[in-house]
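The residues making up each chain are set out below.
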Amino acid sequence: MQLMEKVAMLTGQNETFALAMIIESKGSTPRHVGKMIVYRDGTIEGTVGGGLAEHYVIEDSVKAIQDGQSKIVEYKLNKHAKDGIQMNCGGTLRVFIEVYTSRPELILAGAGHLGHALAKLADFLEYPYCIVDDRVGYCTKERFPNATNLFVNEDIGKALLAANLNEKSYVVIVTKDCDDIVLKTALQFPIAYVGMVASKRKVISIFEKLKSEGVTQEQLEQVHSPIGLEIDSETSEEIAISIIGQIIKISKEKKPVKVKQLNR
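Residues numbered from 1 in each chain as written. Predicted model: local features only at pLDDT ≥ 70, side-chain atom pairs only at ≥ 80, totals over all residues. Heavy atoms only, no water.

(A) Local environment of the nonpolar core. Among the nonpolar cores identified, the biggest contains 27 residues, and Val132, Leu183 and Val194 are the most heavily contacted of them. Contributions of two or more residues to this core are made by strand E6 (105–109), strand E7 (129–133), helix H4 (156–161), strand E9 (169–173), helix H5 (179–186), strand E10 (193–196) and helix H6 (200–212). Per-element tally for this core: the top contributor is H6, with 4 residues. Residues within four places of valine 194 in sequence aside, it is in contact with Val171, Ile173, Leu183, Ala186, Leu187, Gln222, Val223 and His224. (Core = buried A, V, L, I, M, F, W, Y, C linked by side-chain atoms within 4.5 Å. Buried < 20%, exposed > 50% of the residue type's maximum accessible area, 1.4 Å probe, protein only. Helix = DSSP H or I, 4+ residues; strand = E, 2+ residues; numbered from the N terminus. Contact = heavy atoms within 4.5 Å.)

Structure, rendered in structure tokens:
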């Protein structure tokens, strides 16, 4: 597979990575052209020349991914030059590091009015999302034409399991009467976010129930409830905006990433 084909595939899979590309090369350098995919953990595909310069490119690419910002970096491959790196080539490299950041993948548990409002907003933002519900009449392709998947089961916990929750999943719980089942199921996975629409009394009741079933306090502390940003929202559409706003905010926050050790 060609490198740019791999970039297109990774983008389609909603992955986070960086593409480092030599845009200028002066004097003696390991390579004058080159492209390299850099993943969050520092692993790579392709090359911009190898050696110490490439290690610097990898480090800067990982940092760019963590910051969520593309940038241009320049390296003087001369250990005697001011700000130079420990190389004898003597030339200069400029590299453009383009960051591809994954979008939140929404798991909308509940196909009612609020779930529908959230789906319309996700459509506008081009966020991938699936719908989870226990009601065949609500969870339909007609109501959610752009959903990546529809998961319907009389046991909504099984429907949620079919959604294959992972670290990119943002679970929004807006069910008719199954919030506790969905929340308990969601907390079994290393998801990015889980929020539940519920009154304070309902939250206390559900939390106490889940604690009695073995869910820990640490797990419950992950739950955003009340859900959404505080904007005094009232209508379904306003509540949807506050929820998506909170998800955008959390998705932009910097998270520590375990990086592969780079040998100098």
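Next comes the rest of the write-up.
(B) Spatial organisation of the sheet that holds E7. Spatially, the 6 strands line up as an open sheet ordered E8-E7-E6-E9-E10-E11, and their pairing is parallel. In this open sheet, the two edge strands, each paired with only one partner strand, are strand E8 (149–152) and strand E11 (223–224). Relative to E7, E6 is paired through 4 bridges, and the arrangement is parallel. Across the sheet, leucine 108 pairs through a bridge with isoleucine 131, a residue of E7. Sheet strands touched by helix H8 (residues 236–252): E6, E9, E10 and E11. Its angle to E9, the strand with the most contacts, is close to 155°. (Pairing = 2+ DSSP bridges. Axes fitted to C-alpha atoms, helices over the stretch in contact; angles between N-to-C directions.)

(C) Summary view of the packing of H5 against H6. Running from N to C, H5 and H6 point in directions that differ by 55°, and their axes come no closer than 10 Å. With respect to H6, the axis of H5 lies oblique. You can see that H5 and H6 cross each other, and the crossing is right-handed. For the pair formed by H5 and H6, the contact residues are Asp179, Asp180, Leu183 and Lys184 on the first element and Lys202, Ile206, Phe207, Lys209 and Leu210 on the second. Among the residues making up the contact of H5 with H6, the classes are represented as 4 nonpolar, no polar and 5 charged. (Parallel < 35°, antiparallel > 145°, perpendicular 65-115°, else oblique. Left-handed = near helix turned anticlockwise from the far one by under 90°. Nonpolar A, V, L, I, M, F, W, Y, C, P; charged D, E, K, R; others polar.)

(D) Structural view of the layout of surface pockets. Put simply, the second largest pocket is a space of about 330 Å³. Forming the boundary of the second largest pocket are 14 residues, of which Pro226, Ile227, Gly228, Leu229 and Ser233 lie nearest the centre. Here the element with the most residues in the lining of the second largest pocket is H8; it accounts for 3 residues. Of the residues assigned to the lining of the second largest pocket, the class counts are 9 nonpolar, 3 polar and 2 charged. (1 Å grid on protein atoms, 1.4 Å probe; cavity = no way out; pocket = protein on both sides within 12 Å on 5 of 7 lines; lining within 4 Å. Points joined across faces, edges and corners; volume = space filled by probe spheres on them.)

(E) Structural context of the packing of aromatic side chains. Going through the model one piece at a time under the given rule, you end up with 3 aromatic pairs. Aromatic pair phenylalanine 17 and tyrosine 100: ring centres 4.6 Å apart, planes at 5°, arrangement stacked. Remark: tyrosine 100 occurs in strand E5 (residues 92–100) and phenylalanine 17 occurs in strand E1 (residues 17–26); sequence separation between them is 83 residues. On the accessibility criterion, phenylalanine 17 (0% relative accessible area) is buried. Here the aromatic rings of tyrosine 170 and tyrosine 193 are separated by 6.0 Å at their centres, their planes lie at 25°, and the arrangement is stacked. Remark: tyrosine 193 occurs in strand E10 and tyrosine 170 occurs in strand E9; sequence separation between them is 23 residues. (Phe/Tyr/Trp six-rings, centres within 6.5 Å; stacked < 30°, edge-to-face > 60°.)

Any link to function would need more than the numbers given here.
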